[in-house]
Amino acid sequence: MRLKVTPQSIPEVLLIEPKRFGDARGFFSEVWKRSALKGQGFDVEFVQDNHSLSREVGVLRGLHFQRPPSAQGKLVRVVRGRILDVAVDIRLGSPTYGQHVACELSAENWQQLWVPRGFAHGFLTLEPDTEVLYKVDAEYDAAADGGIAWDDPALGINWSLPAGGPVLSDKDRVAPRLAEIAPPFPEGSV
């Protein structure tokens, strides 16, 4: 099997491990193969690829989501550097509502994280010049864009921040806590 799929503590969040085949020239890897993943119960049609570069250690992007009907699932991987990748369940009525999964993704470990619809997503860079690629199953919709505070104490995320704290966008600096927003994913919406 060239793509191993492992459910995380919240089973809808999946760690996907593509196999690398290496030789003296370098390596080859099938990082996404719909038919192989479909055979493991994971069938998604992606419509957009995104690529981010973060120059500094401690860049924190998130926690972001898109409301229905423009909700997005994301398949996240790192091609240079390392991140702490976080998915927070924000599906009202879910038994894991407000809980999160955190995984270290890196160019070295070659793992990917599937963040399904109904989850907020964010990451912290752990190395300079980190590049993150992610596929999404719905296009960006500014009208559906939302976020929650990365440091919401109710979420209990241990970001392991650098001494200077995170580098944030203006948007992420003022994001509300989860309890302060109308539930973006009411029961049965995802």
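Rules and cut-offs
- Residues numbered from 1 in each chain as written.
- Predicted model: local features only at pLDDT ≥ 70, side-chain atom pairs only at ≥ 80, totals over all residues.
- Heavy atoms only, no water.
- UniProt positions renumbered as here; feature names shortened; annotations may be inferred.
- Pairing = 2+ DSSP bridges.
- Helix = DSSP H or I, 4+ residues; strand = E, 2+ residues; numbered from the N terminus.
- Phe/Tyr/Trp six-rings, centres within 6.5 Å; stacked < 30°, edge-to-face > 60°.
- Buried < 20%, exposed > 50% of the residue type's maximum accessible area, 1.4 Å probe, protein only.

An unreviewed UniProt entry annotates the protein as dTDP-4-dehydrorhamnose 3,5-epimerase of Roseococcus pinisoli. In its Pathway (unreviewed entry) section, the UniProt entry covering the protein states "Carbohydrate biosynthesis; dTDP-L-rhamnose biosynthesis."

1. Concerning the pairing of strand S1 (residues 3-7)
Pairing of S1 with strand S2 (residues 14-18), which is carried by five bridges, proceeds in the antiparallel orientation. Note that in S2 the partner of Thr6 across the bridge is Leu15. The loop that links S1 with its antiparallel partner S2 comprises six residues.

2. Examining the packing of aromatic side chains
Working definition: an aromatic ring pair is given by the centre-to-centre distance plus the angle between the planes. Considering all chains together, one arrives at three aromatic pairs under this definition. For the ring pair Phe27 and Trp110, a centre distance of 5.2 Å and an interplane angle of 75 degrees mean the geometry is edge-to-face. Pair noted here: Phe27 is in strand S4 (residues 26-29) and Trp110 is in the loop between strand S9 (100-106) and strand S10 (112-115), with a separation of 83 residues, a long-range link. Note on Phe27: relative accessible area 47%, which makes it partly exposed. On the numbers, 6.2 Å between centres and 65 degrees between planes, the contact of Phe65 with Phe185 is edge-to-face.

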